[in-house]
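Coordinates in review
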Amino acid sequence: MFSRDVLKIDAEAVAGRAQEAIREQVLGTLRKRGAVVGMSGGIDSSVVAALCARALGPERVFGLLMPERDSSSDAERLGRTLAQHLGIRFAVENIAPALAGLGCYDRQLEAIRMAVPEYGEGWRCKLTLPSLLEGDRLNITKLTVADPSGRQRTERMPPAAYLQMVAATNFKQRVRKMMEYYHADRLNYAVAGTPNLLEYDQGFFVKQGDGAADFKPIAHLYKSQVYALAEHLGVPEEIRRRPPTTDTFSLAQSQEEFYFALPYREMDLCLWAHNHSVPAAEVAAVLGLTPEQVDRVYRDIEAKRRVSRYLHQVPLLVGEGVEA
């Protein structure tokens, strides 16, 4: 019988299995001395850091805080709070100069001005998707901008502008991953990945950016379960109460308005139900939605899986059995 309880876990047992796997993978399979974790101040990276500290010992975990021009002030502060709480070493690497050198911000600005020519100093922006609950939608991302007085408007971007905006923004995740591997190489550590199951399944990551890692200890857990694990692991309450954000654009942005059809609690349940062939009407009754709305979410899940196959694809070889 489908209910909101289907995602309940024995947090102690789940944490124990994850910690055992981390020890075996990092020290055994990968033959590394410890783990590097990029910490955003969010729930996923905080749980991964806590699991690594328990599994390997705090002295074998190195945290990285990587702010840039559009990062929220909370991200670095909460990252510091977590590192100090766990007793792990950490470093702050401001990646804004690297991003500027690569042209990230200039290329973003050029793309934005294709849709909003007057965009300039003091303006802010984010990318958004239309609500799936209001009707069948085209998965067309739009640009929301705010002028220096705070007035907002939303514009549809030309395809070339949208692709350039995404490509330029993806520098952020990829530069962070380069920094993680720099410190991992320096310390002979492995790089920990931080996606949860919802993000991993639905392709909410950048290829060779936050999708790259040596091990991914929570990619089998729904985001709701990650929150349960955070409470068990003693992750500071302020981090557990912080709403999930992308922390990518200059305007505040929730994950659902950028990518997912619903807030994570409902999205988790829809994904679980879809994976277990639960009829839409049964899910709708539990979540307070209509069967039509759940059907739309199911179709969106499948659409994102099709699009994200490329993100999960390993490099293609010319022939089978070719030795690397």
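Before any of the text, the structure's been laid out above.
Residues numbered from 1 in each chain as written. Predicted model: local features only at pLDDT ≥ 70, side-chain atom pairs only at ≥ 80, totals over all residues. Heavy atoms only, no water.

Moving on, we come to the nonpolar core. Ranked by internal contacts, the top residues of the largest apolar core, which has 66 residues, are Val47, Leu51, Cys52, Leu229 and Val283. Among the elements that take part in this core, helix H2 (residues 43–56) stands out by supplying ten residues, more than any other. Counting 15 residues, the second-largest nonpolar core is a separate cluster that includes Phe62, Ala91, Ile95 and Val191. (Core = buried A, V, L, I, M, F, W, Y, C linked by side-chain atoms within 4.5 Å. Buried < 20%, exposed > 50% of the residue type's maximum accessible area, 1.4 Å probe, protein only. Helix = DSSP H or I, 4+ residues; strand = E, 2+ residues; numbered from the N terminus.)

Tracing the backbone through its elements, the reader meets aspartate 247 in the loop between helix H9 (237–241) and helix H10 (255–258). It is arginine 242 that comes nearest to the buried, bridge-free aspartate 247 among opposite-charge side chains, at 4.5 Å. Reaching out from aspartate 247, the side chain makes a polar contact with the backbone nitrogen of serine 72 at a distance of 2.9 Å. Not counting chain neighbours up to four residues away, the residues in contact with aspartate 247 comprise Asp70, Ser71, Ser72, Ala75 and Arg242. (Lys, Arg positive; Asp, Glu negative; His and termini not counted. Salt bridge = Lys/Arg side-chain N within 4 Å of Asp/Glu carboxyl O. Polar contact = N/O pair within 3.5 Å; in protein donor to acceptor, adjacent residues only side chain to side chain. Contact = heavy atoms within 4.5 Å.)

In this structure the tally under the stated criterion is seven aromatic pairs. Seen from their ring centres, tyrosine 200 and phenylalanine 205 are 6.4 Å apart, and the 20° between their planes marks the pair as stacked. Overall, the relative accessible area of 32% leaves tyrosine 200 in the partly exposed class. Centre to centre, the rings of tyrosine 227 and tyrosine 264 are 4.9 Å apart; their planes meet at 10°, and the pair counts as stacked. Remark: tyrosine 264 occurs in helix H11 (residues 264–275) and tyrosine 227 occurs in helix H8 (residues 223–233); sequence separation between them is 37 residues. Look at tyrosine 264 and you get buried, because its relative accessible area is 10%. Ring pairing ties together the aromatic residues Phe204, Tyr259 and Phe260, which thus form one cluster. Sitting above the plane of the phenylalanine 62 ring, arginine 186 keeps its charged end 5.4 Å from the centroid. The lysine or arginine in question, lysine 216, covers the ring of phenylalanine 205, its NZ or CZ lying 5.7 Å from the ring centre. (Phe/Tyr/Trp six-rings, centres within 6.5 Å; stacked < 30°, edge-to-face > 60°. Lys NZ or Arg CZ within 6 Å of the ring centre and 35° of its normal.)

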